[in-house]
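Structure assessment
Each chain, letter by letter, is given below.
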Amino acid sequence: MVSVQSDQRSDEPLVPSSVKIVIAGGFGVGKTTMVGAVSEITPLRTEELLTEAGEEIDDLAGVEGKNTTTVALDFGRITINPELVLYLFGTPGQDRFWFMWDELSVGSIGAVVLVDTRRLEAGFGAVDFFERRHIPFVVAVNCFEGSHSYTTDEMRQALDVSDTVPLVLCDARDRESCKAVLVRVIEHAMNKLDVMA
Amino acid sequence: MSQHSADWWYDEAAGPMVRPYAMVSGRTRPKPAGDELTLTTQVRAIRTSSDHGSLLVEHLEIIKLCRKPLSVAEVAAYLNAPLVVVKVLLSDLIQRGDVITRDPSRTAVPVDMNLLQKVLDGVRAI
Ligand SMILES: Nc1nc2c(ncn2[C@@H]2O[C@H](COP(=O)(O)OP(=O)(O)OP(=O)(O)O)[C@@H](O)[C@H]2O)c(=O)[nH]1
Ligand SMILES: [Mg+2]
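Everything numeric here is computed off the predicted structure, so don't read it as measured data. (Residues numbered from 1 in each chain as written. Chains lettered and ligands numbered in written order. Predicted model: local features only at pLDDT ≥ 70, side-chain atom pairs only at ≥ 80, totals over all residues. Heavy atoms only, no water.)

Observations concerning helix α5 (residues 113–125) of chain B
Turn by turn, an α-helix covers 3.6 residues, leaving residues three or four places apart pointing in a common direction. Residues and elements named next belong to chain B. Keep this limit in mind: Counting from the N terminus, the helices are DSSP H or I runs at least four residues long and the strands are E runs at least two residues long. How far a helix is expected to stretch is found by multiplying one less than its residue total by 1.5 Å. Each residue gets one of three labels from its accessible area relative to the maximum for its type: buried under 20%, exposed over 50%, partly exposed in between, using a 1.4 Å probe on protein chains only. The directions from the helix axis to the C-beta atoms are what the arc is built from.
Compared with the 18 Å implied by 1.5 Å per residue over 13 residues, the 18 Å span of α5 between its first and last C-alpha is a close match. Restricting attention to buried positions, one finds in α5 the residues Leu115, Leu116, Val119, Leu120, Gly122 and Val123. With its buried residues spanning 165° around the axis, α5 presents them on a single face.

Quick word on the side chain of Asp98 of chain B
Residue and element names in this part refer to chain B. To keep things clear, this is the line we draw: Under the rule applied, a polar contact is a pair of N or O atoms within 3.5 Å (in protein, one hydrogen donor and one hydrogen acceptor; residues adjacent in sequence only if both atoms are side-chain atoms). Two residues form a contact once any of their heavy atoms are found within 4.5 Å.
Inspection of the secondary structure puts Asp98 in the loop between α4 (83–96) and β3 (99–102). For Asp98, the side chain forms a polar contact with the side chain of Ser50, separated by 2.6 Å. When sequence neighbours within four positions are dropped, the list of residues in contact with Asp98 reads Arg44, Ala45, Ile46, Thr48, Ser50, His52, Leu55, Ile63 and Leu93.

Re the site of ligand 1
All names here are of chain A. Using the following cut-off: Think of it this way: one heavy atom of a residue within 4 Å of a molecule or strand is enough to make that residue near it. Each accessible area value is a Shrake-Rupley result obtained with a 1.4 Å probe; residue values ignore everything except the protein chains displayed when judging cover.
Near ligand 1, the surroundings consist of 15 residues, among which Lys31, Thr32, Thr33, Asn142 and Glu145 are the closest. Take Arg173: an N or O atom from its side chain is 3.3 Å from a nitrogen atom of ligand 1. Starting from 640 Å² of accessible surface for ligand 1 in isolation, the protein chains cover 67%. For the shell around ligand 1, the leading source of residues is helix α1 (residues 31–38), giving 3 residues.

So, the sheet that holds strand β2 (residues 70–71) of chain B
All names here are of chain B. We apply this condition: When DSSP finds two or more bridges between a pair of strands, those strands are recorded as paired.
Across the sheet, 3 strands lie side by side as β2-β1-β3; this open sheet has antiparallel pairing. Edge strands, defined here as strands with exactly one partner in the open sheet, are β2 and β3. Relative to β2, strand β1 (residues 42–45) runs antiparallel, the two sharing 2 bridges. Residue pairing in the sheet places Gln42 in a bridge with Ser71 of β2.

Right, here's the structure in full:
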């Protein structure tokens, strides 16, 4: 392996670094829509190969004889500056791909749990996931037309999230609205860091 | 940015998986050079005098894509190939020195205030 950046001018990084934010939530809540609303590129899709049991395949030996399936990941990109790129990854909606959530959330600066008031309970698993891993997250309520209007207290109760978790209303199709959600995630991550310091 | 032809890896008769696996000739894992590749690891091709004669057309495609830095996930998406295959191909190129990588924010470097402030400013600015 070539020794990285050895001949690089200090004011001109050759390879940027990256951070990511995970957009999680149940099936069809608008995760990909949100990624697309803020991404500078049309959301991209890539595929990870899994065994039928849902385990990640990192070994190609004999894989042709196995029953495999693929899980698609959607993601978008925001170039912060020439040295830093932010990626937004939507989680796969189906529950059997939990292990992918792990890969996606490791090293992430924070997460959005997107919920749909017509199926609030679908957000419960995601809330639990990020709480257990101490990953800063905000709950974003995607306000589909005709959705129930709950009070925020009712929603917190239904999702079992405490007052310390920000809860925001949003429209996943609207760029400014999604930007505001991301800002809340980052601010929340900063607050948590501050508390720890 | 142009998406590559959606099925250029795929062999109509033989099914979708044959092409990628044949391509990496059943190789199991990325070589040591590729061990650290995650979804967001940035890779970039550098100009070398290395002989490209032994490279697969897919390797060359990656080198072309990575003239500007891209993440592993982006390379996989533009090539329309499974991540596991792209990691093998990338690790070949890293080993050869045709592609370099860096990702200090991955695990070893903690997420600090300075980094978060930059991300915050960047998101506010879009
Ligand atoms: N009316 C309305 N429709 C929305 C909104 N957000 C998303 N949709 C639509 O809801 C559908 C699902 O949105 P997606 O963004 O694909 O949801 P997802 O969470 O990525 O779905 P999966 O990846 O399949 O779990 C799409 O048809 C969107 O156009 C919204 O705020 N209002
Ligand atoms: Mg989606």
